[in-house]
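These are the residues of each chain, in order.
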Amino acid sequence: MIHVLGSGGYIGNSLSSHFTTQKIEHNCIDSRKKLESLNLIDSNEKQTLIWCAGKINPATAENSIIAHTELENFRCSLAEWNKKTNENSEIIFLSSGGCVYSSQQVNFNEEDEALGINSYGKIKVVQEKMIEDLGRPYKILRISNVYGGKQPHGRGQGVIAEW
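The text that follows walks through the structure, step by step, so that each part is easy to find. (Residues numbered from 1 in each chain as written. Predicted model: local features only at pLDDT ≥ 70, side-chain atom pairs only at ≥ 80, totals over all residues. Heavy atoms only, no water.)

1. Observations concerning the environment of serine 144
Phase 1 of the analysis: Mapping serine 144 onto the fold places it in the loop between β5 (138-143) and α4 (159-162).
Phase 2 of the analysis: Residue classification places serine 144 among the partly exposed residues on the basis of a relative accessible area of 44%.
Phase 3 of the analysis: Linking serine 144 and glycine 97, residues 47 residues apart in sequence, is a C-alpha distance of 4.8 Å.
Phase 4 of the analysis: Excluding anything up to four places from it in sequence, serine 144 contacts Gly97 and Gly98. (Helix = DSSP H or I, 4+ residues; strand = E, 2+ residues; numbered from the N terminus. Buried < 20%, exposed > 50% of the residue type's maximum accessible area, 1.4 Å probe, protein only. Contact = heavy atoms within 4.5 Å.)

2. Some points on unusual backbone geometry
Phase 1 of the analysis: The phi dihedral of lysine 23 falls on the positive side, at around 60 degrees, and the residue is not glycine.
Phase 2 of the analysis: Along the chain, lysine 23 falls in the loop between α1 (10-21) and β2 (26-29).

3. Structural notes on α1
It helps to recall that an α-helix has 3.6 residues per turn; residues three or four apart then point in one direction.
Phase 1 of the analysis: The end-to-end C-alpha separation of α1 is 17 Å, in line with the 16 Å expected for twelve residues at 1.5 Å each.
Phase 2 of the analysis: Every buried residue of α1 is listed here: Tyr10, Gly12, Ser16 and Phe19.
Phase 3 of the analysis: Check the buried side of α1 and you find it contacts β1 (2-5), β2 and β3 (48-51).
Phase 4 of the analysis: Phi for lysine 23, located one or two positions after α1, is positive at around 60 degrees. (Expected span 1.5 Å × (residues − 1).)

4. A closer look at the side chain of asparagine 86
Phase 1 of the analysis: For asparagine 86, the position within the fold is in the loop between α2 (64-84) and β4 (90-96).
Phase 2 of the analysis: Of the residues examined, asparagine 86 reaches a relative accessible area of 11% and is grouped as buried.

5. Considering the side chain of serine 95
Phase 1 of the analysis: Relative to the assigned elements, serine 95 resides in strand β4.
Phase 2 of the analysis: By relative accessible area, serine 95 is classed as buried at 5%.
Phase 3 of the analysis: What serine 95 contacts, discounting residues up to four positions off in sequence, is Val100, Lys124, Glu128, Ile140, Leu141, Arg142 and Ile143.

6. Looking at the pattern of salt bridges
Phase 1 of the analysis: Under the criterion given, the structure shown has seven salt bridges.
Phase 2 of the analysis: Where arginine 75 meets glutamate 72, a salt bridge forms, and the shortest distance between an N and an O atom there is 2.4 Å. Here arginine 75 pairs with glutamate 72, and both are found in helix α2, just three residues apart, close to one helical turn.
Phase 3 of the analysis: When its relative accessible area of 39% is taken as the criterion, arginine 75 is described as partly exposed.
Phase 4 of the analysis: Taking relative accessible area as the criterion, glutamate 72 reaches 29% and is therefore assigned partly exposed.
Phase 5 of the analysis: In this structure, glutamate 90 engages lysine 139 in a salt bridge whose closest nitrogen and oxygen atoms are separated by 3.0 Å. In this pair, glutamate 90 sits in strand β4 while lysine 139 sits in strand β5, placing the two residues 49 residues apart along the sequence.
Phase 6 of the analysis: Under the relative-accessibility criterion, lysine 139 is labelled partly exposed at 43%. (Salt bridge = Lys/Arg side-chain N within 4 Å of Asp/Glu carboxyl O.)

7. Looking at the environment of asparagine 63
Phase 1 of the analysis: Looking at the element boundaries, asparagine 63 is found in the loop between β3 and α2.
Phase 2 of the analysis: Put simply, asparagine 63 and serine 119 are 56 residues apart on the chain and 8.7 Å apart in space, counted from C-alpha to C-alpha.

8. Some points on the nonpolar core
Soluble globular proteins tend to bury their nonpolar side chains together.
Phase 1 of the analysis: Formed by Leu5, Ile29, Leu38, Leu49, Trp51, Phe74, Leu78, Trp81, Ile91, Phe93 and Ile131, the largest nonpolar core amounts to eleven residues.
Phase 2 of the analysis: Of all the secondary structure elements, the ones that give two or more residues to this core are β3, α2 and β4.
Phase 3 of the analysis: With three residues, α2 is the single largest residue contributor to this core.
Phase 4 of the analysis: Here phenylalanine 93 is in contact with Trp51, Phe74, Lys124, Gln127, Glu128, Ile131, Lys139, Ile140 and Leu141, once residues within four sequence places are set aside. (Core = buried A, V, L, I, M, F, W, Y, C linked by side-chain atoms within 4.5 Å.)

Note that all results are geometric; they support no functional claim without further evidence.
Below, the structure is given as structure tokens:
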């Protein structure tokens, strides 16, 4: 079963709509339906969590209280996922392709140093490490400049929509 955490946001909603159109069974989890409320019917079945959630953006991540809250909520959600699923269940985490890399070069690849260039990037690197430390299957997608129809603007995220 696929679970889309952050289905109320732009990327999560687009992904959920695609799954619905393709008739792919999935579970939508947004800010009104917490991961903690997830009731897994068969805990032996492989579960895939696509993590598109986050309450921060590059501007709000500079606030240490907001950043700490984001990381603590992330840690608690990972612990809940770990408790409710089997060892074959995986996480697909949508990270940041523009803020995690530390070098000043224009093009990045997976071998480049990733320490974060700002608070937002540093938080994403910490979240990636937390997922790696679970010892479960995972994929980290470092995406950047996502854009498309119905994208909200004026929230400090999504450079193409902002411009």
